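Working through the structure, step by step
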Amino acid sequence: MENFVAYNPVKLFFGKGVVKNIGNEAIKHGTTALVIYGKGSVKRNGIFNDVETYLKQSGVKIIEYSGIKPNPIIEDVEMAAHLGTDNSVDLVIGIGGGSVIDTAKIVAACIPDNLPAWDVMTSKVKIKRALPIFAVLSLVATGTEMNRFAVIQNQKEREKIGFGNNLIYPKCSFLDPEYTFTVDTQQTAYGIVDLIAHALENYFGKGDAPLADKFVISIVKEAMLIANPLIANPNDYELRARMMWASTNALNGTTSYGRVSGDFAVHAFGHTLSLLYDLPHAATLSIVYPAWLKYLEKLVPGKLETLGSELFGCDETNSFNEGLTKFFSSINCPVNLAEAGIDKTKREEIKELWIEKDV
Ligand code: NZQ
Ligand code: ZN
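Below you will find a few notes about this structure.

Looking at the overall build of the protein chain
Secondary structure summary: the protein chain contains 14 helices and 8 strands in total. Taking 21 Å as the expected radius of gyration for a compact globule of 359 residues, we find that the protein chain reaches 20 Å, a close match to that expectation. When the backbone C-alpha atoms are referred to their principal axes, the protein chain occupies close to 65 × 45 × 45 Å. Considering the protein chain as a whole, with its 359 residues, one finds that 54% of them fall into the buried category. The contacts in the protein chain between residues at least 6 apart in sequence include a share of 80% that link residues at least 24 apart.

Here it is, written out as structure tokens:
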């Protein structure tokens, strides 16, 4: 095992009704909150209303910025940061999935020193502080609620990149599994794929971390066990809760401590596909994984065999890759470009971007 520092300062509230704590927590940081959300799902399903009610009860005023798109864009980060600065907000609250919460994280990093958002993302400027960040999770997938990362897209620069810094851990995250009942079947399946991918990206990283490997296997097993029953019963609280906690743990340090680094090649390839074709994040992962595993079969055959026997009871007649690909297909996620409607004529432009960006 490598040396490591285990650090995760997120105060995480988990379970039914936990958002009732948001007002008491928020008022510790100030009286005006910039509340960021997406294209309206959280207004329709009542989550926004809950948050607003509890904030008001504690005397916290809200400034709203909405319209964040899946695969969030730098222009929204800039505009939300200006709105926050103009209104002297004290904290930033994201209500949504990864796209919204990642936007909130970078907005919070830009406001105190009026920093240009893309310079923050590219580390051209170094952040020294950030406003307190709160996350109210409405979609299970990314793990952003308990990690130090944000991923933002810049169409002009032709980049979708991640940024990591201890200053952008949420101060508080609120995880109510009931808030995810309205997530549709496809998006639920994407969440399963993303959380499995996060566990695997860590597993295929450098260095030996036997306990972290066992966490990976447990998390992937849990996700596969839950997937089909949950898709059939979207309002099953226990299944939603199990998926939520598995997802948080897939990318909050649990699966990485003791390694030199994670792999994250599949995410890097996937981000280029989101950039070019605006595909949902997890669809890019279910497309790239089967191809990437063929490459890994030559590099780390032992690691794949372990996964194969642990997760699919594989022997010499079948492989982990076959099992995983079948599983992704069984929950209706694309396992190649054609299934996502991207034909062979696009191959050249994909390769060009990989070369240009040195993926
Ligand atoms: O915009 P609204 O109306 O809110 O609809 C959203 C959106 O269309 C909808 N949704 C969210 N909660 C819902 C709901 N619909 C019904 N009921 C609810 N309760 O879901 C759609 C997708 O939302 P999005 O936030 O884009 O999904 P996800 O959580 O998968 O986030 C994807 C983004 O996170 C990045 C990805 O690259 C992508 O940009 N990632 C962030 C990571 C991190 N910060 O650690 C790591 C990940 O690997 C990933 O890269
Ligand atoms: Zn991901």
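Quick look at the nonpolar core
Ile196, Leu200, Phe204, Tyr289 and Leu324 are the most contacted members of the largest nonpolar core, which totals 57 residues. Those elements that place two or more of their residues in this core are strand S5 (133-137), helix H7 (185-203), helix H8 (210-232), helix H9 (237-250), helix H10 (265-277), helix H11 (281-299), helix H12 (301-312) and helix H13 (320-330). Here the element with the most residues in this core is H7; it accounts for 10 residues. Beyond its immediate sequence surroundings of up to four residues, Leu200 is in contact with Val216, Val220, Tyr289, Leu307, Phe320 and Leu324. Listed in part, the 31 residues of the second largest apolar core include Tyr65, Ile68, Ala80 and Ala108.

Quick look at the sheet that holds strand S3 (residues 61-65)
Overall, parallel pairing links the 6 strands, which are arranged S1-S8-S5-S4-S2-S3 in an open sheet. One side of each edge strand has no neighbouring strand; the edge strands of this open sheet are strand S1 (11-14) and S3. Going across the sheet, the axis of each strand differs from the next one's by a mean of 20°, ignoring polarity. Most of the contacts of helix H4 (residues 74-86) go to S3, to which it runs at about 155°, and overall it touches strand S2 (32-37) and S3. Lying on the sheet, helix H5 (residues 98-110) is in contact with S2, strand S4 (91-96) and S5; it crosses S4 at an angle near 170°.

Details of the packing of H7 against H8
Here H7 crosses H8 at 170°, and the two axes come no closer than 9 Å. Here H7 is positioned roughly antiparallel relative to H8, judged by the angle of their axes. Judged by residue contacts, Thr185, Thr188, Ala189, Ile192, Leu195, Ile196, Ala199, Leu200 and Tyr203 of H7 engage Asp213, Val216, Ile219, Val220, Ala223, Met224, Ala227, Leu230 and Ile231 from H8. Its residues placed into classes, the contact of H7 with H8 shows 15 nonpolar, 2 polar and 1 charged.

Considering the site of ligand 1
Within the structure, ligand 1 sits among 32 residues, and Ser41, Gly98, Ser99, Lys160 and His198 are positioned closest to it. Residue Gly40 places a main-chain N or O atom 3.2 Å away from an oxygen atom belonging to ligand 1. Measuring from a nitrogen atom of ligand 1, one finds a side-chain N or O atom of Asn45 at 3.4 Å. Elements represented by at least two residues in the shell around ligand 1 include exactly H5, strand S6 (149-154), H7 and H10. When grouped by side-chain class, the residues that make up the shell around ligand 1 number 10 nonpolar, 18 polar and 4 charged.

So, the packing of aromatic side chains
If you walk through the whole model with that rule in mind, you get 12 aromatic pairs. Between Phe327 and Phe328, the aromatic rings sit 6.2 Å apart at their centres with planes inclined by 50°, giving tilted as the arrangement. Judged on exposure class, the residue Phe327 and its partner Phe328 are both buried. One aromatic cluster in this structure is built from Phe269, Trp292, Tyr295 and Trp354.

Topic: the coordination of the zinc ion (ligand 2)
Taken together, Asp194 (OD), His198 (NE2), His267 (NE2) and His281 (NE2) make up the full set of protein donors to the zinc ion (ligand 2), lying 2.0 to 2.2 Å away. Counting along the primary sequence, the residues that act as donors to the zinc ion (ligand 2) give the motif D-x3-H-x68-H-x13-H. Taken together, the residues span a long stretch of sequence, with His267 in helix H10 and His281 in helix H11 at a distance of 14 residues. Each member of the pair, His267 as well as His281, carries the same accessibility label: buried.

Quick word on the side chain of Asp194
Relative to the helices and strands, Asp194 resides in helix H7. One buried charge, Asp194, has no salt-bridge partner; the nearest side chain with opposite charge is Lys160, at 8.7 Å. Not counting chain neighbours up to four residues away, the residues in contact with Asp194 comprise Ala141, Thr142, His267, His281, Ala282 and Leu285.

Observations regarding the pairing of strand S7 (residues 159-164)
Sheet analysis places S6 next to S7, joined by 6 bridges and oriented antiparallel. Across the sheet, residue Ile152 finds its bridge partner in S7, namely Ile161.

Some points on the environment of Leu299
With respect to the helices, strands and loops of the structure, Leu299 is situated in helix H11. Among the residues examined, Leu299 registers a relative accessible area of 52% and is labelled exposed. Considered as a pair, Leu299 and Ala150 are 149 residues apart in the sequence and their alpha carbons are 30 Å apart.

Observations concerning the pattern of salt bridges
One pass over the structure, following the stated rule, counts 12 salt bridges. Across the salt bridge formed by Lys221 and Glu310, the nearest N and O atoms sit 3.5 Å from each other. Separated by 89 residues along the polypeptide, Lys221 in helix H8 and Glu310 in helix H12 bring together distant segments of the chain. For Glu310, a relative accessible area of 39% gives the class partly exposed. Salt bridges linked by common partners bring Lys11, Glu25 and Lys28 together as one network.

Quick notes on the rules
Residues numbered from 1 in each chain as written. Chains lettered and ligands numbered in written order. Predicted model: local features only at pLDDT ≥ 70, side-chain atom pairs only at ≥ 80, totals over all residues. Heavy atoms only, no water. Helix = DSSP H or I, 4+ residues; strand = E, 2+ residues; numbered from the N terminus. Rg over C-alpha atoms; globule rule 2.2 N^0.38 Å. Buried < 20%, exposed > 50% of the residue type's maximum accessible area, 1.4 Å probe, protein only. Contact = heavy atoms within 4.5 Å. Core = buried A, V, L, I, M, F, W, Y, C linked by side-chain atoms within 4.5 Å. Pairing = 2+ DSSP bridges. Axes fitted to C-alpha atoms, helices over the stretch in contact; angles between N-to-C directions. Parallel < 35°, antiparallel > 145°, perpendicular 65-115°, else oblique. Nonpolar A, V, L, I, M, F, W, Y, C, P; charged D, E, K, R; others polar. Near = heavy atom within 4 Å. Polar contact = N/O pair within 3.5 Å; in protein donor to acceptor, adjacent residues only side chain to side chain. Phe/Tyr/Trp six-rings, centres within 6.5 Å; stacked < 30°, edge-to-face > 60°. Donors = N, O, S within 2.8 Å, 3.2 Å for Na, K, Ca; no water. Lys, Arg positive; Asp, Glu negative; His and termini not counted. Salt bridge = Lys/Arg side-chain N within 4 Å of Asp/Glu carboxyl O.

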